Amino acid sequence: MEKTAFSPADILLPYDCGLTKWAVVACDQYTSQPEYWERVDQYVGDAPSTLRLILPESKLESDGVDQEIQKIHATMEQYLQEERLRPVEDAMLFVERKLANGKTRLGLLGKLDLEEYDYSKGSGTPIRATEGTVLSRIPPRMKVREGAPIELPHIMVLIDDPDKKIIEPLTKDVNRKQMSKVYSVTLMENGGRITGSLLSKFQAQKVQEALAQLGDPQRFEEFYHAPGKPVLTYAMGDGNHSLATAKACWEKLKPTLSPEERETHPARYALVELVNLHDDSLEFEPIHRVVFGVEPKKLLEAFLAAYPGAHYGEGEGHQITYVLAGERGTVTVPNPTAQLAVGTLQNFLDQYLEANGGKVDYIHGEDVVEQLASQPDSIGFLLPAMGKDQLFPTVIFDGALPRKTFSMGEAHDKRFYLEARKIK
């Protein structure tokens, strides 16, 4: 069989516990809303829960974080000893997540080979970051992972399968009959419902063969009109810094292992959920910008001066709407070098703010932008939504997207911790 970076894993599943209290949302959500995590803490109480196995990001910088991490590692060991987590070996799971809005997101759970991934700028590996990785965010996370006997994934990785040939056919009755259901649970806090089913060995092999075809260099070159470009098969959706942390831990461990050990060591892999970019439930929402502490008119003039031929009003090229107190208009940048309007804007803002001072904030709603931009010394920029079909070509030709390019769903729709895998 042709090699692909995604494969079945020895997956640990919870045993003999209430799954609604067991599963909690990704640790990087609700960072500005500590009351969310307090509410979850009260609801879970003394019940076995992944809440006791993760560190919400809002606590990463807090006092006593080291003791908190020790407690997490001890609880992991305890759950393993109590056989609270039981292995399903060489498994690939089909995951169906019914979201609060009624749509269903389909995914495959397995492991990714970290040898096929590099988060550094300009990398050409088959697994790649879609947004810039903030290196300072990795060391605090490494503390959690390095002493941990197990990992719990909230990583979602995207494949570009517009014909829906790989994941979607698993919903057909003929394919469902070959699978066995391993869990089904209603998730807390508006998280919807999730069902996991174990693929047959034959089905898992078929998935890997299809993924290998997706990564075939000739197909890649023709599909993306990208001669000479390195193949991209797996693009980060959610959990970029978690995968980067797994990679950093693996690179640190690797020199201590023999060549044979490196081939099979569990820390070489990370458990992830694979989702098709073209899944009907996935919606990309734009993230707008508001700049504070600047003279709006001066900034607009500098924006026009930064790009040859840029002008007020609509036209051919990247159109960016600006909003300030009592005024709204458009700037057009013709013949842009970036694939996306957000790239054109962000490249300018980075340079301008470094030279002139000011602060940028990233905002989801258009109404919030208008409200904030009406304050003195402020200007808002409204960006068009990025088409899903633009993601892979942009990463292939431009590299990682500018930070905060798009948002993929609401906080309560993010991955919940449910499954685990040994990394020691």
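In this text the structure is predicted, and so the values were computed from the model without any measurement. (Residues numbered from 1 in each chain as written. Predicted model: local features only at pLDDT ≥ 70, side-chain atom pairs only at ≥ 80, totals over all residues. Heavy atoms only, no water.)

Trainee: Help me out: how do you make sense of the overall build of the protein in this one?
Mentor: Scanning the protein from terminus to terminus reveals 13 helices and 23 strands. For the protein, the C-alpha atoms occupy an extent of roughly 65 × 50 × 45 Å along the three principal directions. For the protein, the proportion of its 424 residues judged to be buried stands at 54%. Counting only carbon and sulfur atoms, one obtains 48% of the accessible surface of the protein, whose full area is about 19300 Å². In the protein, the 48 positive side-chain charges and the 63 negative ones have mean positions that sit 4 Å from each other. (Helix = DSSP H or I, 4+ residues; strand = E, 2+ residues; numbered from the N terminus. Buried < 20%, exposed > 50% of the residue type's maximum accessible area, 1.4 Å probe, protein only. Areas by Shrake-Rupley, 256 points an atom, 1.4 Å probe, with all protein chains shown as cover. Lys, Arg positive; Asp, Glu negative; His and termini not counted. Charge placed at Lys NZ, Arg CZ, Asp CG, Glu CD.)

Trainee: What should I look at first to understand the pairing of strand S9 (residues 156–159) in this one?
Mentor: On a regular strand, each side chain points to the face opposite its neighbour's, so the side chains alternate between the two faces of the sheet. Burial of S9 is two-sided: the residues Met-156 and Leu-158 facing one way and the residues Val-157 and Ile-159 facing the other way are all buried. Note: S9 against strand S12 (residues 234–238), three bridges, orientation antiparallel. Each residue of the ladder has a partner; that of Val-157, found in S12, is Met-236. Bridge count for S9 against strand S13 (residues 269–276) is four bridges, and the pairing is parallel. Bridging from a neighbouring strand, Ile-159 pairs with Asn-276 of S13. (Pairing = 2+ DSSP bridges.)

Trainee: What is the right way to read unusual backbone geometry from this model?
Mentor: Backbone geometry follows two general trends: most residues other than glycine have a negative phi, and most peptide bonds adopt the trans configuration. With a phi close to 50°, Asp-90 is a non-glycine residue in the positive phi region. Examined against the element boundaries, Asp-90 turns out to sit in strand S4 (residues 85–91). Despite not being glycine, Asn-335 shows a phi value in the positive range, around 45°. If you trace the backbone, Asn-335 turns up in the loop between strand S18 (327–333) and helix H11 (341–356). For Asn-335, a relative accessible area of 73% translates into the label exposed.

Trainee: Where do I start with the packing of aromatic side chains in this structure?
Mentor: The description of an aromatic ring pair uses the distance of the two centres, along with the angle that the planes make with each other. Considering all chains together, one arrives at 13 aromatic pairs under this definition. Aromatic pair Phe-220 and Tyr-224: ring centres 5.1 Å apart, planes at 55°, arrangement tilted. With a gap of four residues between them, Phe-220 and Tyr-224 both fall in helix H7 (residues 217–224), about one helical turn apart. Of the two residues examined, Phe-220 and Tyr-224, each falls in the buried class. (Phe/Tyr/Trp six-rings, centres within 6.5 Å; stacked < 30°, edge-to-face > 60°.)

Trainee: Help me understand the environment of Tyr-224, please; the structure alone is not making it clear to me.
Mentor: Classification of Tyr-224 as buried rests on a relative accessible area of 9%. As for Tyr-224 and Pro-393, which are separated by 169 residues in sequence, their C-alpha atoms are 6.7 Å apart. Residue contacts for Tyr-224: discarding those within four places in its chain leaves Asp-160, Arg-219, Phe-392, Pro-393, Ile-396 and Phe-397. A polar side-chain atom of Tyr-224 sits 2.6 Å from a polar atom in the side chain of Asp-160. (Contact = heavy atoms within 4.5 Å. Polar contact = N/O pair within 3.5 Å; in protein donor to acceptor, adjacent residues only side chain to side chain.)

Trainee: Would you mind showing me how to read the side chain of Thr-125 here?
Mentor: Within the element layout of this structure, Thr-125 appears in the loop between strand S6 (104–113) and strand S7 (127–128). Overall, the relative accessible area of 15% leaves Thr-125 in the buried class. A distance of 3.1 Å separates a polar atom in the side chain of Thr-125 from the backbone nitrogen of Asp-118. Here the side chain of Thr-125 touches Ile-127 through a polar contact of 2.7 Å, landing on its backbone oxygen. When near neighbours in sequence (up to four residues on either side) are disregarded, Thr-125 contacts Glu-116, Tyr-117, Asp-118, Val-231 and Leu-232.

Trainee: Is there a simple way to think about the sheet that holds S18 in this case?
Mentor: Reading across from one edge, S16-S18-S17-S20-S15-S19 is the order of the six strands in this open sheet, with antiparallel pairing throughout. Here the strands that pair on one side only, and so sit at the sheet edges, are strand S16 (311–312) and strand S19 (359–363). As paired elements, strand S17 (residues 318–324) and S18 share seven bridges and run antiparallel to each other. Looking across to S18, one finds that Val-323 is bridged to Arg-328. In this fold H11 packs onto strand S15 (288–292), S17, S18, S19 and strand S20 (378–382), with an angle of close to 15° to the strand it touches most, S15. (Axes fitted to C-alpha atoms, helices over the stretch in contact; angles between N-to-C directions.)

Trainee: Is there a simple way to explain the state of the cysteines in this structure?
Mentor: A covalent bond between the sulfur atoms of two cysteines is referred to as a disulfide. In the structure shown here, the tally under the stated rule is zero disulfides. With no disulfide of its own, Cys-17 has Cys-27 as its nearest cysteine by sulfur position, at a separation of 20 Å. Note on Cys-27: no disulfide assigned, nearest cysteine sulfur contributed by Cys-249 at a separation of 14 Å. A residue is classified by how much of its surface remains accessible, and Cys-27, at 12% relative accessible area, is buried. (Disulfide = S-S within 2.5 Å.)

Trainee: Looking at this model, I keep getting lost on helix H12 (residues 366–373). Mind explaining?
Mentor: The periodicity of an α-helix, 3.6 residues per turn, causes residues three or four places apart in sequence to face the same way. Those residues of H12 that sit buried are Val-369, Leu-372 and Ala-373. The buried residues of H12 all sit within an arc of 95° when viewed along its axis, so they share a single face. Every exposed residue of H12 that faces more than 90 degrees away from the buried side is listed here: Asp-367 and Gln-371. The inward-facing, buried residues of H12 contact S15, S17, S19 and S20. (Arc of directions from axis to C-beta.)

Trainee: Can you help me understand the pairing of S12 in this one?
Mentor: Across the five residues of S12, five count as buried, placing the element largely inside the fold. Both S7 and S12 contribute to a ladder of two bridges, which runs parallel. By the bridge assignment, Ile-127 is partnered in S12 with Tyr-234.

Trainee: How should the pattern of salt bridges be read in this particular structure?
Mentor: Side-chain pairs of opposite charge can arise whenever the charged atoms involved come near each other. All chains considered together, the criterion is met by 28 salt bridges. Glu-115 is the salt-bridge partner of Lys-254, the closest N and O atoms lying 2.8 Å from each other. Note that Lys-254 is positioned in the loop between helix H8 (240–253) and helix H9 (259–264) and Glu-115 in the loop between S6 and S7, a separation of 139 residues in sequence. Residue Lys-254 is classed as buried on the basis of its relative accessible area of 16%. One salt bridge in this structure joins Lys-206 and Glu-209, with 3.5 Å as the shortest N-O distance. Of the two residues, Lys-206 and Glu-209 are both situated in helix H6 (residues 201–214); the distance of three residues between them amounts to about one turn of the helix. Counted as one network, the salt bridges with shared partners bring together Lys-3, Asp-113, Glu-116, Glu-263 and Arg-268. (Salt bridge = Lys/Arg side-chain N within 4 Å of Asp/Glu carboxyl O.)

By themselves, these are just geometric observations and shouldn't be taken as functional.
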